[in-house]
Amino acid sequence: MGAAVTTLAYLVASVCFILALRGLSHPETSRAGVVYGMAGMALAVLATLLRPGMEGHAWILVAVVIGGTIGTIIARRIQMTALPQLVAAFHSLVGMAAVFVAAAALYSPQSFGIGTVGAIKTASLIEMSLGLVIGAITFSGSVIAFAKLQGIMSGAPISFPQQHLLNLVLAIVILVLTVIFVATESHVLFWLLAILAFAIGFLIIIPIGGADMPVVISMLNSYSGWAAAGIGFTVGNLMLIIAGALVGAAGAILSYIMCKGMNRSIINVLLGGFGGETAGAAAGPGGDRSVRAGAAEDAAFIMKNASKVIIVPGYGMAVAQAQHTLREMADLLKKDGVEVKYAIHPVAGRMPGHMNVLLAEANVPYDEVFELEEINNDFATADVAYVIGANDVTNPAAKTDPASPIYGMPILEVDKAKTVLFVKRSMASGYAGVDNELFFRPNTMMLFGDAKKMTEEIVQALAH
Amino acid sequence: MSDIAQRAGEIAREAAALAERAQVLALEAAAAAQPAAAVAEPFLFLLTIFLLACFVGYYVVWNVTPALHSPLMGVTNAISSVIVVGGLLAVGLAEDAIAQVFGFLAVLLASVNIFGGFLVTHRMLSMFRRKGS
């Protein structure tokens, strides 16, 4: 196959990748989009294998079969509640693959046409170090994100004195070493750079707390794209550059949307420590105020007599795996003529769009699920807001109390509903460590218990 | 009348002369630009493509409905694994055994991601159903 044909195939593959993203603008077109993505990938791999002079097909087959089998098994078995950690794990693989390709380019530059060992083009060395460093940061950062999400590591932010100074020093050292590496093409320096980049990726993520994970995952998604683009520059492959840029842009936009959903800057999230001990202390006062607690039968009675119920799911619903029971409850209510809608906050859950997937898994039709801007005006006309596993995203303090750490964050205005039913394990404050004024309002009824068990009890009460 | 015809003829001659000069200038400019382009071309060319792709990504992704942000992550994850091409070239074209080993590992990791990423995205999307279907 001639070089022109290969390039053409790469171009077509790039277009397929763009169409794959384009398809996601609507659920109906999204499935076709993924097929485009798969076709693009297959074309890219085939065109590469058919390049003149390619050997080692047996080895490639072995690698693809092993990797493909592992990937397939994981993708089939993974629970939808565990999606965030799966995505984090996948990001780490892209990062590590980038490190390996950069190393391969260093040890055998002639295969990529960027010079010979000891005489690699300067521009290629710069691009190689970029791909290497971003790839390594993506890898170690994603491993930490995975460990936090999977619960292997505490989700609490880990901070120590002079942390940011250490990161700064490391970054400067990496920069200086990169310059020396580009000048000398030293293999030792290459691996030293890799180790330092692993270290900084690790250090960047450990101070970031569990509920900031939507931002972290989006950011790592973006990094994995930039790493691929960096490798694309190194080996002079246009398709890699295009795909990397697409992914990088996607991750950056998601990070921006997540930050906006919390009214925080990306810098603020990266500096980390949010929701640590300092904020936890603020939860003290207010403990002596009284709340109205109710039983499942009360909740069932109220909802049965309502004409409009809006369900607000949060991470707690995912943890309790309550989405299926929740849909049963909604079905029973609908049978009684109650209008049921779902309201999703942008940062609900541990990754962007996580709640939508969980609800879809429980067979909730997507046209009953609404985003914050779409549904916020509806709360005023709703009889019941059923808040399950969410807290901070409903806290009116975000609008009224300038001293609150979450001030300015867009919230779901559940307080405007006639009755607010709050399913919660205990009176503990939310992730941000702020008391929720809503608990003490006269029109709020607290339903203490596990999200799934409580919803099950309501279902039983409704069925009678 | 002949006056006007004469002037028109003059103008035409002038225009022809100008065109000739412009052509010479253009040739000179092209000759001057050639070495510069040859030096800057590879990187600038790649950078151009990169920036344009960033813009395409930016506009396409803003159109993604928020409900599908998780599948978006899944599919971008799979797409970034196109880095597998780098690994394939390392295995297939390298003469250095170390480089081949790195290439092999890169292909293996990227394959996990390609299969896993696309399949999990497909799984997610197949759950999104409209009311009544």
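Further up the page is the structure itself.
For clarity, every value in this text was computed on a predicted model and none was experimentally measured.

**Thoughts on the interface of chain A and chain B**
The extent of an interface is frequently quoted as the accessible surface area lost upon association of the parts. Taken together, the contact pairs 104 residues of chain A with 78 residues of chain B. For the chain A and chain B pair, buried surface summed over both sides reaches about 8,100 Å², with 81% attributable to carbon and sulfur atoms. The interface formed by chain A and chain B includes 0 salt bridges. Counting across the interface, chain A meets chain B through 15 residue pairs in polar contact (both at pLDDT 80 or more). Among the secondary structure elements, those contributing two or more residues to the side of chain A that touches chain B are α1 (3-23), α2 (27-49), α3 (57-77), α4 (83-107), α8 (213-235), α9 (238-261) and α15 (354-361) of chain A. Partitioning the side of chain A that touches chain B into residue classes produces 69 nonpolar, 23 polar and 12 charged.

**Digging into the nonpolar core**
All names here are of chain A. Judged by nonpolar contacts, the single largest core of 200 residues is most densely connected at Met128, Ile311, Met329, Tyr386 and Ile458. The leading source of residues in this core is α4, at 18 residues. Residues in contact with Ile311, not counting those within four places in the same chain, are Leu326, Met329, Ala330, Val340, Lys341, Tyr342, Ala343, Tyr386 and Ile388.

**Some remarks on α8(A)**
A rise of 1.5 Å per residue sets the reference length of α8(A), with its 23 residues, at 33 Å; its end C-alpha atoms lie 33 Å apart and thus fit the reference within 8%. Counting buried positions along α8(A) yields 21 of 23 residues, so the element is predominantly enclosed.

**Quick word on the sheet that holds strand β7 (residues 419-424) of chain A**
Residue and element names in this part refer to chain A. Pairing is parallel in the open sheet, where 6 strands are placed in the order β5-β4-β3-β6-β7-β8. The open sheet terminates on both sides in strands that have one partner only, identified here as β5 (369-371) and β8 (444-448). The average angle at which neighbouring strand axes cross in this sheet is 25 degrees, direction not considered. Taken together, the 5 bridges between β7 and β8 define a ladder with parallel strand orientation. Bridge pairing in β8 links Phe422 to Met446. This element, helix α14 (residues 323-335), spans β3 (308-313), β4 (339-344) and β6 (384-388) of the sheet and lies at about 145 degrees to β4. Its contacts with the sheet place α15 against β3, β4 and β5, and it is angled at close to 145 degrees to β4.

Each value, and the rule that gives it
Residues numbered from 1 in each chain as written. Chains lettered and ligands numbered in written order. Predicted model: local features only at pLDDT ≥ 70, side-chain atom pairs only at ≥ 80, totals over all residues. Heavy atoms only, no water. Contact = heavy atoms within 4.5 Å. Buried area = accessible area lost by both parts, 1.4 Å probe. Salt bridge = Lys/Arg side-chain N within 4 Å of Asp/Glu carboxyl O. Polar contact = N/O pair within 3.5 Å; in protein donor to acceptor, adjacent residues only side chain to side chain. Helix = DSSP H or I, 4+ residues; strand = E, 2+ residues; numbered from the N terminus. Nonpolar A, V, L, I, M, F, W, Y, C, P; charged D, E, K, R; others polar. Core = buried A, V, L, I, M, F, W, Y, C linked by side-chain atoms within 4.5 Å. Buried < 20%, exposed > 50% of the residue type's maximum accessible area, 1.4 Å probe, protein only. Expected span 1.5 Å × (residues − 1). Pairing = 2+ DSSP bridges. Axes fitted to C-alpha atoms, helices over the stretch in contact; angles between N-to-C directions.

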